[in-house]
Amino acid sequence: MRPQNVAVVGATGAVGHEMLRVLAQRAFPLASLRLIASPASAGKKVTFDGAEHTLVAPSREAFSGLDLALFSAGASVAREWGPVAAGLGALVVDNSSAFRQDPEIPLVVPEVNARALENNPRRIVANPNCSTIQMVVALAPLHRAFGLEQVVVSTYQAISGKGARALDEFDAQARDLAAGREATHSVLPGVLAQNLLCDWKHDADGWSEEERKMVFETRKILGMPSLAVSPTTVRVPVRNAHSESVWARFAKPVTRAEALEVLRGAEGVTVQSESGPGAHPQPRFASGKDDVFVGRVREDASDKRALHLWVVSDNVRKGAALNAVQIAERVLR
Ligand SMILES: NC(=O)c1ccc[n+]([C@@H]2O[C@H](COP(=O)([O-])OP(=O)(O)OC[C@H]3O[C@@H](n4cnc5c(N)ncnc54)[C@H](OP(=O)(O)O)[C@@H]3O)[C@@H](O)[C@H]2O)c1
């Protein structure tokens, strides 16, 4: 790939920081780098790879002359500026929910549906939701081997999924509770320290936004518009890396040994199937790593066509920044 003119939009955020780290770690060839954040941050300095950059606010000028714009600044910024950046010639990869449901815009996890990138008239690619990405990386190879029919998933989602300010608030809550003080909240919808929260907006039918995203996005990525997907999403007091308990039923009977063999050969998956303490996938171990870690693979006790899996991955990395950079690498190579 020739050196690229790249902008990171939302460069001061949790995902933006990780994007910068991923670009450096993968030695992504940069001709120039523009760091974009909100108007409140414009003019502040950020150091990346030993060089100092001045943050700029979004503007037509900021989006001119780019090959690639990696957006992680929320849906309203993406809706306003994504089409501008694409119109000015950049490939846009957006981490928000702004474009995921648009039938003209590919929603891509490269290990699963890279072919969707071949039809991208608007030069915008949507990065899926973090909980969906790690689940489909684990399920797609099993689907190819055994034919997926149904998924039931419960998530154990880390605080970093709510951004940098939520992490700071969680730390303050943990300190307050440890000191015997009342904990307060303004970014998180409640006290998460020593607690669990179902902290997404619910619709009239009781489903959370995050659960609806997992249903829609899993179906779109796998190209299975009527796949049965039943999620329950939960926020847990873990700083980084989401975990998921996944039950999946297939068209064919499948044994634990067959499933492990398929998963061991799958791109982007590391199998951790040893028994004993510490041998299964864990958020602390998965943090900062690229792969989706799969373990606790079990045949269902009463259904020969069903499996249970425990799936852990860094939500800010594979669930956002890394997946976006991998998409760009596939398109721009
Ligand atoms: N965290 C995750 O695990 C994760 C995973 C998948 C997808 N996402 C999505 O990625 C996006 C960013 O998430 P995050 O967790 O990184 O959030 P965050 O930590 O709150 O960061 C938000 C970033 O957006 C910038 N921003 C806000 N308003 C802006 C504006 N008007 N113009 C330009 N930049 C603006 C902020 O800049 P300032 O510092 O100047 O305010 C900051 O850099 C969200 O859409 C989120 O849903 C997050």
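Note that this is a predicted model, so its numbers are computed, not measured.

With that settled, consider the site of the ligand. Every one of the 25 residues lining the ligand counts as a neighbour, but Thr12, Ala14, Val15, Ser38 and Ser41 are closest to it. Here an oxygen atom of the ligand and a side-chain polar atom of serine 38 are 2.6 Å apart. In this structure, glycine 74 approaches the ligand through a main-chain N or O atom, which is 3.4 Å from an oxygen atom. Coverage of the ligand by the protein chains reaches 74% of its 900 Å² of free accessible surface. Structurally, the ligand is housed in the largest pocket.

Quick look at the domain arrangement of the protein chain now. Parsing the protein chain into structural domains produces domain 1 (4–128 + 320–332) and domain 2 (132–314). The gap between the C-alpha centroids of domain 1 and domain 2 is 25 Å. Tallying the contact residues gives 19 residues for domain 1 and 17 residues for domain 2. It is Leu107, Glu111 and Val112 in domain 1 that bury the most area against domain 2; as a group they hold 34% of the surface buried on that side. For the pair domain 1 and domain 2, the number of links is 3 salt bridges. Note that arginine 26 and aspartate 290 form a salt bridge whose closest N and O atoms lie 3.9 Å from each other.

So, about the side chain of arginine 235. Note on placement: arginine 235 falls in the loop between strand E9 (228–232) and strand E10 (242–250). A polar contact is formed between the side chain of arginine 235 and the side chain of aspartate 199, at a distance of 3.1 Å. Those residues in contact with arginine 235 that sit more than four places away from it in its chain are Gln157, Ala158, Ile159, Gly161, Lys162, Leu192, Leu196, Leu197, Asp199, Trp200 and His242.

Right, let's talk about the pattern of salt bridges for a bit. Scanning all chains against the criterion turns up 19 salt bridges. Across the pair aspartate 67 and arginine 2 runs a salt bridge, and its minimum N-O distance is 3.0 Å. Of this pair, aspartate 67 sits in the loop between strand E4 (51–54) and strand E5 (68–71) while arginine 2 sits in the segment before strand E1 (4–9), and the two are 65 residues apart along the sequence. We classify arginine 2 as exposed; its relative accessible area is 51%.

Attention now goes to the sheet that holds E9. Adjacent strands of a sheet pair through backbone hydrogen bonds, lying either parallel or antiparallel. As summarised here, the arrangement of the 6 strands in space is E9-E8-E10-E13-E12-E11, forming an open sheet in which the pairing is mixed. With partners counted over all chains shown, the strands left at the sheet margins are E9 and strand E11 (269–272), one partner each. Neighbour-to-neighbour, the strand axes of the sheet open up by a mean angle of 25°, direction not taken into account. Looking at chain direction, E10 and strand E13 (residues 306–313) are connected through 8 bridges and run antiparallel. Bridge assignment links serine 245 to a residue of E13, and that residue is tryptophan 310. Across the face of the sheet, helix H4 (residues 130–146) comes into contact with strand E8 (148–156), E9, E10, E11, strand E12 (292–299) and E13 while running at roughly 30° to E10.

Attention shifts here to the layout of surface pockets. Within this model, the largest pocket holds a volume of roughly 1,200 Å³. Lining of the largest pocket is provided by 43 residues; of these, Val15, Gly74, Gly161, Lys162 and Gly163 occupy positions nearest its centre. Listed by contribution, the elements that provide at least two residues to the lining of the largest pocket are helix H1 (14–25), helix H2 (75–87), helix H5 (164–178), helix H6 (209–222) and helix H9 (317–332). Of the residues contributing to the lining of the largest pocket, the split by class is 17 nonpolar, 17 polar and 9 charged. Shared between two domains, the lining of the largest pocket holds at least three residues of each, these being domain 1 (4–128 + 320–332) and domain 2 (132–314).

Quick notes on the rules
- Residues numbered from 1 in each chain as written.
- Predicted model: local features only at pLDDT ≥ 70, side-chain atom pairs only at ≥ 80, totals over all residues.
- Heavy atoms only, no water.
- Near = heavy atom within 4 Å.
- Polar contact = N/O pair within 3.5 Å; in protein donor to acceptor, adjacent residues only side chain to side chain.
- Areas by Shrake-Rupley, 256 points an atom, 1.4 Å probe, with all protein chains shown as cover.
- 1 Å grid on protein atoms, 1.4 Å probe; cavity = no way out; pocket = protein on both sides within 12 Å on 5 of 7 lines; lining within 4 Å.
- Sits in = over half its atoms within 2 Å of the grid points.
- Domains from an automatic or database assignment.
- Contact = heavy atoms within 4.5 Å.
- Buried area = accessible area lost by both parts, 1.4 Å probe.
- Salt bridge = Lys/Arg side-chain N within 4 Å of Asp/Glu carboxyl O.
- Helix = DSSP H or I, 4+ residues; strand = E, 2+ residues; numbered from the N terminus.
- Buried < 20%, exposed > 50% of the residue type's maximum accessible area, 1.4 Å probe, protein only.
- Pairing = 2+ DSSP bridges.
- Axes fitted to C-alpha atoms, helices over the stretch in contact; angles between N-to-C directions.
- Points joined across faces, edges and corners; volume = space filled by probe spheres on them.
- Nonpolar A, V, L, I, M, F, W, Y, C, P; charged D, E, K, R; others polar.

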